[in-house]
Every structure is written in structure tokens, then in C-alpha cells.
Number of protein chains: 2
Amino acid sequence: MAIDRALLVPALNNIATRLRIDSVRATSEAASGHPTSCCSMADIMAALFFAEMRFDPKEPQNPDSDRFVLSKGHAAPILYAAWAEAGAFDRSELLKLRRIDSDLEGHPTPRLPFVDVATGSLGQGICAAIGIALNARRIKSAYRTYVLLGDGESAEGSVWEAANVGSADALDNLCGITDVNGLGQSRPTMWNHQMEQFERRWSAFGWNAIVIDGHDMNAILDALEQARNTKGRPTMILARTIKGKGVSFVEGKDGWHGKAFKKGEEMDRAIAELEKQFVPVPESGPAANLAAQIPKPASAPRAVVTPKPVAPPAYKLGEEVATREAYGAAIAKLGESDSRVVALDADVKNSTFSEKFEKALPDRFYETFIAEQVMVGAAMGMAARGAIPFPSTFACFLTRAADFIRMAAISNVNVKLAGSHAGVSIGEDGPSQMALEDLAMCRAEPNCTVLYPSDAVSTERLVALMAYHPGLAYMRTSRPKTPVIYSNDETFTIGGLKVLRESDSDVCTVIGAGVTLFETLKAYDQLKAAGTSIRVIDLYSVAPVDRDGLIKAGRATKGRLITVEDHYAAGGIGDAVAEAVADAGLTVHRLAVREIPRSGKPEELLERFGISAAHIVEEVRALAGKAGQAGRAG
Amino acid sequence: MAIDRALLVPALNNIATRLRIDSVRATSEAASGHPTSCCSMADIMAALFFAEMRFDPKEPQNPDSDRFVLSKGHAAPILYAAWAEAGAFDRSELLKLRRIDSDLEGHPTPRLPFVDVATGSLGQGICAAIGIALNARRIKSAYRTYVLLGDGESAEGSVWEAANVGSADALDNLCGITDVNGLGQSRPTMWNHQMEQFERRWSAFGWNAIVIDGHDMNAILDALEQARNTKGRPTMILARTIKGKGVSFVEGKDGWHGKAFKKGEEMDRAIAELEKQFVPVPESGPAANLAAQIPKPASAPRAVVTPKPVAPPAYKLGEEVATREAYGAAIAKLGESDSRVVALDADVKNSTFSEKFEKALPDRFYETFIAEQVMVGAAMGMAARGAIPFPSTFACFLTRAADFIRMAAISNVNVKLAGSHAGVSIGEDGPSQMALEDLAMCRAEPNCTVLYPSDAVSTERLVALMAYHPGLAYMRTSRPKTPVIYSNDETFTIGGLKVLRESDSDVCTVIGAGVTLFETLKAYDQLKAAGTSIRVIDLYSVAPVDRDGLIKAGRATKGRLITVEDHYAAGGIGDAVAEAVADAGLTVHRLAVREIPRSGKPEELLERFGISAAHIVEEVRALAGKAGQAGRAG
């Protein structure tokens, strides 16, 4: 960074102008996109990419590379333009913006090698940046993390969750920049250009808040330098900018959000204005080719992490252990063998038992307090940088982060969610604490693995499997203690199931998981005593399901399948099984929670809401009495 | 409020002691619950209920009554104790806490007449309180709204969304109290007793922040008075308290969250200590019976709102109108006829077309800016006070409020959600802006009506139906323009469907909704031209579905049913239809989005992700070639 400002600033200004032109051209070619949102932040991008960050445009995933997250994802065109300017790919690609044959999508996704997490749902990028900054500590790297937010975006609560964690964790390797252009999508933002509103908030949340003119290159460079030199807290640069900066007929005007200039006269006029803004610079000398001078990350060779072997589970058959407790023990054990494994908590570690991980590995345990969005968002960032994060809370409170889970699916990151306290079987705490939609939420994502163990052994085995299965995964655990039913050497597979009871005379198959598996086993005993056999399946893998195994069981039991789940009727196990067996012409009878539950004892609630052993027995009897009717096609 | 402080304070202190004793007894009897979380806030509750609020314990729903929201819902026992003390019900009921035969649930729900919205998912009560305070303006009432938060809860981003809206809307009829007891569930909170951390944040967010000792009755009364006299902004009283206050062996101790005292020696010891804290007060005189002196709300008789007749839709057959635009027009029209109808926006009103409502009825249009949680939370509060709120945003961003939607279902409030930009058909913006899980999210709630209109006429008709259908409802709208297919006098029902094409020789039924209905109609034309007839259904009501109508169509078309939806495969239309027809032995073939999509033109994406007319034609042909195989039971 030894280039004289007198040379550097005009060179950066010219880069900013080029980035504006690129953004205008690309969006006009696509006939959609957000050129004015790009123009307001062009000067900041020029300074960040060509005078501040250390990275290798040809190796964006270098573990010691500085990271940049575009939290205001709709400004994607200028992100792409900056990477093209840096030399990551040919500038001509920019004109393929938003085309189905290009990875330069409308909002950034990790299909592009230089994008860590998908953005475009506002307020999430800064949460991911928290995780990326925390990861630098885990891998002992000096990389810095930069995140650029919009001002409108700052209304999202998740931004303030991130603000709290950033200051509580003293993340001085993190620098945010808010592009305060004053205009939202449909109107001026809540605070327009009242910079003091932003400054007050970020200062109050413990950040080093710096207000600057976001079009003054010297001010931007100074602020970035100050951020770099600030210890003990993160910095938020609050840059006052003009939306559409550089194109006079849209500058600061409402009604231009998300509108491309029309190709032809309108675009030509914008480009012509921008081109006039190039300033004369020396054709050679220190600032002549800034892209070629981007400092590479100073990285020592890093050893590949090789997990140590993990001992098999050590439970006793019949021992009573809640799956949530087995989960906590399992992640702790896994964490001891693999330094990439980390755990995150939202102040319920003594309920989810992630406290076992904290006790064993305090340095890799992250407390976000009661803030589920930043917990999942930070996990996304960590996963993008090579960690294997297990964020956990009550399963019902993972719905707080549903939009983050959606974006984690789009990002295809290795986040391993875990939710405890599934269903009505939690009992007295009542419906607000019961997860009855979590399977639906996670199954909806087409690339999310969903696991639901019933005992401690399967929990431990499945935790290890989910850790190394690529992509997003979710494990559902239960509050009540349940007996260990599998021996310690039992093997499980993602997409598998276990047939626990079977005979040649089974009149139907009953499929349970978690607490309902034990209700099913009770029903089995009662029916057996009365001379009726049923097949019992533990559907520990809810997504994917073992289609063949389910069809085989259904066919062997007169086409009769019953699912029983401590979850609402829509989107859970019943639906999963129904879709799997539909092509075989099989249908499913479902026992599930079909109304809003209430407080009560667990066993009372299983009974009241129709998923107890008694209800299973009744359903089996009703079905078995219908012999010969199964499979009728109407 | 004319009682002398020298008399009032000891009387309130005694009430606080009684509330502590009640909370301890009830939780010990239930053998679960949060007595220490109640004890920290007992003095505040005594002051609020017996020296500040105007309400009628026998008529808690009086429209001019002051409102109290317990945002830290786990302190439910003291809420119940306060209402019992006020005379709402007999104190002996308190010992039924958390029992299946009592409405005194583990966390408050509106099964109780004095609870507006269910709480227990932290950070939501204050959002509802924003809506309740805004509602006072709508109905021109002088009622004040009080909301009590936990300190740990303040880490939730939704709290800061509410903080922004509260100050932006200058809600001086709103008073928050934060019970800063310093301890979370599993550890000390982020800021423990650093009161300045709270004060800085609330002040920065524009609130009148008052720090007090939360066990000093005079200080509490002073702060409440100051709040009442503060104009132009809401007040947040930050009360430094001791968790477990009054029971010396748990006071300020970690590890006592959510633990009832064991009945017997442990509980007796706690009660004995508390009983010693009663102070002598006069047996008669002005402060002898505060409960009997609670000031009733000063309410004038209010006219019952009678909606004016609404004109029928006025579209032309074949006219191209996006359902999102028809939605905006419909809510504006409805709002003109019914003063209870309000609309809320998260800065996308020009995309959802809720701007049509704002233009017509600016006083009943609420802008929360980009903050979906407070948007839905405020709608919950408004609905609880008699409004019919339509909060809308992009459907994908409603997932940001998934946990609020979950609690709205538990609260059984009349919130009418609307989400635009459904599915891949939005095109170039890419997956972050596409709603592909919204049907799954809303269908999962057992009491949520889910509507998905395909044209402008059905949109307008369904908006009117959902407004007056009790409870939670969701409408999904689409981005592209689609032709009007229904005449203006067509009627629709919640739980209905429309058969658009049928003949005696239909080889299968294809069920679409939204954009896929038009793909289905295209497929119909292509198949028809080739000599094959299909039945075409518009499934505009996704929850509930018309089971009989679907079964009838399935049976009439050789048992063959195909669903096609611009949504992921799990939890949407395919699952809804599959469950409805399962008992009739029918199965469903599903066309849905089965992988993470990407940017591209809408028609390219429908084709790429398997839900275009061409895919429907192909699926029909594949099925029709399987004649005789349908319904096989394996």
C-alpha cells in the first residue's frame, strides 16, 4: 500500500467509474437488475478490492485470503465487475448477467468460486461475516473479513443480532461498510441520510462507527486503514452515498430501485455521462495497473485436517438416555477427533446438551445468546470457510432462522442443524416450545438431509454420518429419555431405515421415529398379545427415505402403511412416506398432531393428540378389518 | 392514583410478595416452570397491575382497556397470579398450572381471556405490543400498552426491529419494561447487570430509556409516571433486578432457571422466607384493597363496525393481470368498505402492490421497513385488538417470520398473510427471491387457510373470503401477468376447487394453481390437438382442499392424478392432494421443483425445473401408457 495517494486516488476513481459502467451495461443487457444500487457503492468497491484487501483473484478460496461478503446481494453486478476487474474472469462474461447459461446470477450464489454464501435475503450477509471472522480465529489466520450492507437492510433484526455478537466477541478482524444511499426499494429508508441515526446505533452496539462521505476516495481509504488498526472491536464504516451516483438523471431519485436503463438512448446517455468521469492518469508507474498489484494472502502451507478415529458408541441396551443428551455427547466426541467440528448455541446449551461440547472444547464453542438468526448465519459463514458447524437450539426456535436455512440450502453449505424438544412429548411447557413444523421446514429444502434418531446409539452414529455427508443436514432430537434399542456396533446409513419387528403374518406396517417409535413398539406388544402381528419400522432417515425398504414392507403387509409422528400432519413423516411409495400404488394412513396442542403431561398429550400406542392399536385394527379393500383405485 | 406513597408502597410490596408466593406454589405443584424468573419481576407486576394500568379484571377485552403483554412468556405463573389477585378468577385455580385440564398453560396463550397473543418464543411480545399500540390510534382509544421483556430476550433481532418501528412511529402510548435479572437459561446474559449496555441501545434506537432498581417500588412508580408523561417516543424502563428475588438461597444464582422448588422442605423454606417479607399495613384505608380500586377504562360506547357492500370484481376475460397486482387492488377495495382492514409492508409495496392500499388509505397502512418479523408480529397484535391485518412481502421473505407465523397459529389470530413472487416463475432475480417453501410453511400449521389464486377475479374474491374467514390465512400470489379466466360473478369457497376442463374420456386429472394452471391449460390444448383429453383443476384452495372434488376427479379419470406446482416437492400441492385422496386408495404423480433453481427467464426455468406444459404433456403420456397399472397395491 505504498502507492502515493495522489496517484492512487485518481486510479481508484477510474476503477470506480469502470465498475459503474460495467454494472450499467450488464443490467441493461439483462433488462433487469439494480444499477443504481451498484453506483452508490462503486467507490467503496474500488477501494476495497484494489487498495485494501489481500487476495488472489485466481485462487479465491485460499484459506488466508481476505473475505468479502456482499450482504446487499442485489448489487451483484458490481461484485462481478470487481472480480472481473481483478482478473478472476474475462470482463466480456459480465454481459451474460442473469442468463440461464451463466453463473452470474441475479443475486450472488456460491456457484461462483469467489462467493462464500448466497445473499439476496437482506440482513444475512453480516451474520455470515461474523462466522467467517470467527473462523479466522479457529484456523489461526490473519485474514480479514469485509461485509457491505445496504442502509435499508439495517432494519432487519438479524443485523443487530450480528452487531451484538461482533462486539461481544471483539471481532476486530471484521469490517462492515454500510452504503447509506438513503433510498429503499419503494421509498426513502427509515433514516434516509441521517447519519447520526446509524452512528448512534452502531456505537451503542459496541462497534467502532466511522461516518464518511462514501464518494470521497481519501475518506474511504482512511476509514479502512482506521478499521484495520482498531483493536478489540469491529468497525462499521457508515458511508453517505448517492443512489445512482454518476448518472445525473437518476442520482438520489426515488423510483429507480431495481430498474435497468433501457438499451439504446437511455443506457447510452448513462454510459456517456460516466465515461466523461474518467480522469487522466499516468499510463505507467505505481498506480497504472492496480489489479496486477493486489497483495496475495501471506499463507503458510496448511496441513490437511485428518480426523482421528472415533470410538464406537458405549451405551447399554435398555439404558434410558434422551436423544438430545446423546446428541451433546456425540458432537463432543466428534469434536475431539476433528478440529473442523464446531458448535453454536443460543443460550439453551443445558437443554440441547451442546454444553457437553463446550465443556470438552470451549475454544470451538460459540455462544450467540438468544439470537437464532445469527447463530445459523454464523454457522453458514464458518461452513463456507471449512468448518463443520453444529448450531443447535430447541427445534421450534430453528423456525426463527427459517429464512437462513433457506439461504443455507441455496448456498449448499455444510451446516449441521440440530433441534431438540420435538413435538408434544415435551409436555407441560406448552405449544410455544413444541416443534411441530420442523420436519416440514427442513424436508422442504430439496438438498437437506433430515435425521430423526430414536435412541442414543443411532443418535451418535447419525451425528457422525451427518458431519461428513456433504451439504445441509438437520437432526431432530427429543426431550424424554428413551431406552437404547440398538447395539453399539449397529450400522446406519443416510437414507436408511430399520425394520424392528417383522413376521410373515404382519397385517400392516407401522412407521415411527423418535418417541412414536416407542409408542409403536408398545402397540406391537399389545397387538401381539391379542394375536395380531405388525411390522415396525424406525424411519430414522426422513430425508432421503428408503423408498425401496418402505415399498417392500408395504407390499409384504397387504399394502397397509401407517405413519405415526410427533409433528403436524403436513410436511412430515406421513408426507415423506406417502411420496416414496406413491409410484408403487401404495397409500399411507397417518397419525399426526392435527390441532394446536396445549400443556399437559407428555403421555396425556400423546393420547390427546392421537399419536399414542392406543391410537396405533386402534388404527391397525380399523385397517386390518378392511382387508381386501387396500389398493382399490376408485 | 391519589393514594399517598407512604401507604401505597407497602401495600404494593405486599402484593409483590403474594405474587412471588403464588408463583412458587404453582410451579412447585406443577413440578416445573420458572419461579425465579417470576420473582425478579414481581415488584414491577405489582406496580403495573395495582397502581398504573386501567382495566376491568372481569372484562379484559374491553376495547379501551390498557394492555399488558408478557414478552418473557416463561414467567406465565406471575401473570396468572396478578390476574387472580386482580379478581379475574379464583386464586385456587393457580395450582392447576400446566395441567391438561387448565388453561393456565406453561406459557400464556389466548385460550385465556386476558392474553392477546401467545408468548414463549422470545422477542415476539414486543412486536405484538407495537401492533397493539398502533391499533389504539386506529380506533382512537387512549389505552396504553405495556410490555415486559427479559434481558436475555433482548438479544433477539426482532426486539430491535420493534425498537425501530416504535420510535419511527413515535409510539408514546407504549411502555416497555426490561427485567434485567442478569441471568439467562444456561449462563449469565451477554451484558449481565451492565445497565449502560441496555440504556445505550434503547436510547440510540430513539426510546426514552430509564434505568431503575427494579425492586424499588418508588422508583418503579416514578418511571411509569415518567413514561406516561413522555410525548413523541416510547419509553423503555430498564429495571435492574435479582433473579429469584426474595428467596435467599437462589437469589442471583446461576443454575436455577426453569426449576421449580421441590414440594416439601425446599418449597416450604422458600415460602417461609417470602412470608416473612410481608410488612404491616393498615387493615382499612385507601391502600387496603388495591385490587378493588383498579381504575376501569374510560370507554365510550363503540359502534359495531359494519362493512359496506363491496362491488364485484370488474376485470375483462382474457385481460392480463398479475395476481399480485389484483391482490393490491383487492385489499384497497376491501379497506374502503371495512375500517378494520389494515395493511403492513416491509418496503416492497411496489412489488406486492400493497401500495394501492396505501394510496387509498394511508392512515391504515403501516410501513415497518425491511423487517418482516415486526411486520407479522405487529399484525398479530393488531388482529388481537380487532383489526383485520394484511401483512405482505415477497413470499420467500415471509420465511423470515416463520416463527411468528407459528405463534400466530398458536394465538389463533386473524392475520391475513400475503406473499408475492412465488416460485421459479419470477425468473432472473434467482433463487434467493423465489418462494419455494411458503406453501409447506403455511400448510404445516393445522389452522392456517392457504389460498393460491391464478387470475385477478379469483384473487379479489379470495381476498374478501380470507378477510372474514376466522383465523390465520395465507395467500400466495405470482409475479407474471396471467389472463383473467373467471367471469366477475364467479363464486369461490375456502376449501373449493374449479374443474376447468372435463369430458367423459379424460385419461387423467392434472391439478395446477397459479402459473402452473396456465401451463396445464397449454398442455390440455396440445394433448387435445393430439386426441387426448385431460381433466384440468384449479386448486385455488390449498388448505383446506376439496377432498371430495379431488377424489371424484381421480375416480373419473382412471385413478390418475398429476399435480404440478411452482414450489419444492415437499409440503406443497402434491402432498396436500396426496393426503386428501389417500383414503380413497388414490396416489398422485407430482411435478415440482426438485433442486435449487437459478437465474433465467421464467419460461426457461419452468422448463428446466420440470413444471412446464411440455413436462405435463410428457407425464400425461407416460401415465396414460400405463393403463391398467394404476392403483396396483404391490
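To be clear, the structure that these remarks concern was listed above.
Residues numbered from 1 in each chain as written. Chains lettered and ligands numbered in written order. Predicted model: local features only at pLDDT ≥ 70, side-chain atom pairs only at ≥ 80, totals over all residues. Heavy atoms only, no water.

## Points about the overall build of chain A
We count it as follows: Secondary structure elements follow DSSP: runs of H or I of four or more residues count as helices, runs of E of two or more count as strands, with numbering from the N terminus. When we talk radius of gyration, it's over C-alpha atoms, and the globule rule is simply 2.2 Å times the number of residues to the 0.38. Working definition: with a 1.4 Å probe on protein chains only, accessible area under 20% of the residue-type maximum means buried, over 50% means exposed, and in between means partly exposed. A contact between two residues is defined here by any heavy atoms of the two lying within 4.5 Å. Values of accessible area rely on a 1.4 Å probe in the Shrake-Rupley scheme; residue burial ignores everything except the protein chains shown. His is not counted, nor are the chain ends, whereas Lys and Arg count as positive and Asp and Glu as negative. All charge positions are set by atom: Lys at NZ, Arg at CZ, Asp at CG, Glu at CD.
From N to C terminus, chain A includes 21 helices and 19 strands. Taken over C-alpha atoms, the radius of gyration comes to 28 Å for chain A, in line with the 26 Å a tight globule of 634 residues would show. For the C-alpha atoms alone, the extent of chain A along its principal axes is close to 95 × 55 × 40 Å. Relative to its 634 residues, chain A shows a buried fraction of 68%. Of the contacts formed within chain A by residues at least 6 apart in sequence, a portion of 79% connects residues at least 24 apart. Put simply, chain A shows about 19,400 Å² of open surface, and 50% of that area lies on carbon and sulfur atoms. Charged side chains of chain A number 70 positive and 78 negative; the gap between the two group centres comes to 1 Å.

## Things to note about the nonpolar core
This is how the line gets drawn: What we call a nonpolar core is a set of buried Ala, Val, Leu, Ile, Met, Phe, Trp, Tyr and Cys residues that are connected through their side-chain atoms within 4.5 Å.
W202(A), L550(A) and W202(B) are the most contacted members of the largest nonpolar core, which totals 261 residues. The contacts of W202(B), once residues within four sequence positions are left out, are I126(B), V159(B), W160(B), A163(B), T178(B), W207(B), A209(B), M236(B) and L238(B).

## A closer look at the interface of chain A and chain B
To keep things clear, this is the line we draw: The working definition used for a salt bridge is a side-chain nitrogen of Lys or Arg within 4 Å of a carboxyl oxygen of Asp or Glu. Side-chain atoms alone can form a polar contact between residues adjacent in sequence; in general such a contact is a pair of N or O atoms within 3.5 Å, and within protein one must be able to donate a hydrogen while the other accepts it.
In this assembly, 115 residues from chain A lie in contact with 115 residues from chain B. Where chain A packs against chain B, one counts 12 salt bridges. The salt bridge involving E579(A) is made with R594(B); its shortest N-O contact spans 2.7 Å. The interface formed by chain A and chain B contains 59 residue pairs in polar contact (both at pLDDT 80 or more).

## Concerning the pattern of salt bridges
In this structure the tally under the stated criterion is 68 salt bridges over all chains. Linking R400(B) and E156(A) is a salt bridge whose minimum nitrogen-to-oxygen distance equals 3.7 Å. On the criterion of chain membership, the pair formed by R400(B) in the loop between β9 (388-394) and α14 (402-411) and E156(A) in the loop between β2 (145-150) and α6 (157-168) is interchain, its members lying in two chains. Residue R400(B) is classed as buried on the basis of its relative accessible area of 1%. Among the charged side chains, a salt-bridge network with shared partners connects R18(A), D22(A), E85(A) and R91(A).

## A closer look at unusual backbone geometry
Residues and elements named next belong to chain A. Look at the link from A543 to P544: it is a cis peptide, with omega at -5°. Within the element layout of this structure, P544 appears in the loop between β17 (541-543) and α18 (547-556). Residues other than glycine seldom take positive phi values, yet A170 does so here, at roughly 50°. On the secondary structure map, A170 appears in the loop between α6 and β3 (174-180). The partly exposed category is assigned to A170, whose relative accessible area is 24%.

Taken by themselves, the reported measurements are silent on function.
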